[in-house]
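# A closer look at the structure
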Amino acid sequence: RTRTPTLVPTRTRALCSCPTDPSADAGADGDVMAAARRSVSRATLDRIEAMLGDGFKAEEPQVDHTSTRSDEDRHIIDMQQRVRELVSEHNLEEAVDVVAELKGVLSEAYGADHPVYASALNDEGVILKDLGNAARAADVLLEALDVYRRSVGEESVSYAAAMHNLGMAYKAAAGSAKGMERVTFLDQSYECLNECLRLRMLVYPGAADHLEVLNTRRNLATVQHRRGEKDAAIEELLKVTLALRSSSRGPKHPSVAAALNDLGFLYKESGQYDRAIEAYEEALALREAVLGPDSTLTAATMWNLSAAYGARGDTEKQAEIANALLERFGYHGDEPA
């Protein structure tokens, strides 16, 4: 059984989840895209939506309306819903404050060893990661894993989800780290995501084709690429994309577009610019059709496509797409219209 990784280094400090080099990771949906943030928006693209397939997995307490605690339970459920609403509105600063309050209420009502308390920790960790505080997010997610382990066991959907989120927090931390610190964070991310994959293969029926399993494999491939295993990462992501296309959800599911977007990035970073452009164009068409032209994910893929043309040396096409993106989102330069 794989042990839960420990954060290294152990000090807690804010680590920006976006890479310092604009070209370092502009293709991964799991990260805030630095280049897009600077050149396209300071508002609409402030939070590129991430972690498809996981989201928030809070476990709501069962409400017994004959119980003297029913009002308290209803209050807890309302607070959980409020967190989800704030996250969907990208109001993460307020969301993390509500989660902190929720943790206090849950500790009083159920104790800090209850899975519903672990669920609040899991939500807090995801929000902190998206706010750019990956180190603090990892600490919180390690605590969530410990509570889940003691309350529902390791072979559970909740434990696997928290393990996935921990892996993504380490991945985000690696984005702004250098040298051996970066290597350590990537190793930890890879270890967590591998363990998540093992657990999800156990807990989900028809696991090989399950969306959570395929998305875990997708994220593993992007970490694999960062660790220098570029050919293996591309091969794995091609397999995942094919599996997503042929899954019961159909070839137009948003996860197919996410895989194509990641594949485009891997191709671009490997110097295969024509293949990168092909993957990005297909991802863009899917996202425009399924999510709409004004989705932040659609905008992110447009930006990635523009960057791929630029990397190939086609600066005219790069500028054309970048200008279309600016026009679509109503921006002139760096200032909102």
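### A closer look at the environment of A322
Along the chain, the position of A322 falls in helix α13 (residues 315-328). You can call A322 buried: its relative accessible area is 17%.

### Quick word on helix α9 (residues 230-245)
Since one α-helical turn is 3.6 residues long, residues separated by three or four positions face the same way. Under the 1.5 Å per step criterion, the end-to-end length of α9 is 23 Å for 16 residues, consistent within 8% with the ideal 22 Å. For α9, every residue scored as buried is listed here: A233, I234, E236, L237, V240, T241, A243 and L244. Turning to α9, the residues buried within the fold contact α8 (211-226) and α10 (254-269).

### Quick notes on α8
Along its 16 residues, α8 runs 23 Å from first to last C-alpha, staying within 8% of the 22 Å computed at 1.5 Å per residue. Of all 16 residues making up α8, 16 are buried, and the element is well covered by its neighbours. Once α8 finishes, G228 follows within two positions and takes phi at roughly 100°, a positive value.

### Remarks on the nonpolar core
Counting 55 residues, the largest nonpolar core has L106, I127, L166 and Y170 as its most contacted members. Secondary-structure elements contributing two or more residues to this core are α2 (70-88), α3 (92-110), α4 (115-130), α5 (134-151), α6 (157-176), α7 (179-203) and α8. When residues of this core are assigned to their parent elements, the largest contribution, eleven residues, is made by α6. In this structure, F265, L266, M302 and F329 belong to the second largest nonpolar core, which totals 32 residues.

How each quantity is defined
Residues numbered from 1 in each chain as written. Predicted model: local features only at pLDDT ≥ 70, side-chain atom pairs only at ≥ 80, totals over all residues. Heavy atoms only, no water. Helix = DSSP H or I, 4+ residues; strand = E, 2+ residues; numbered from the N terminus. Buried < 20%, exposed > 50% of the residue type's maximum accessible area, 1.4 Å probe, protein only. Expected span 1.5 Å × (residues − 1). Contact = heavy atoms within 4.5 Å. Core = buried A, V, L, I, M, F, W, Y, C linked by side-chain atoms within 4.5 Å.

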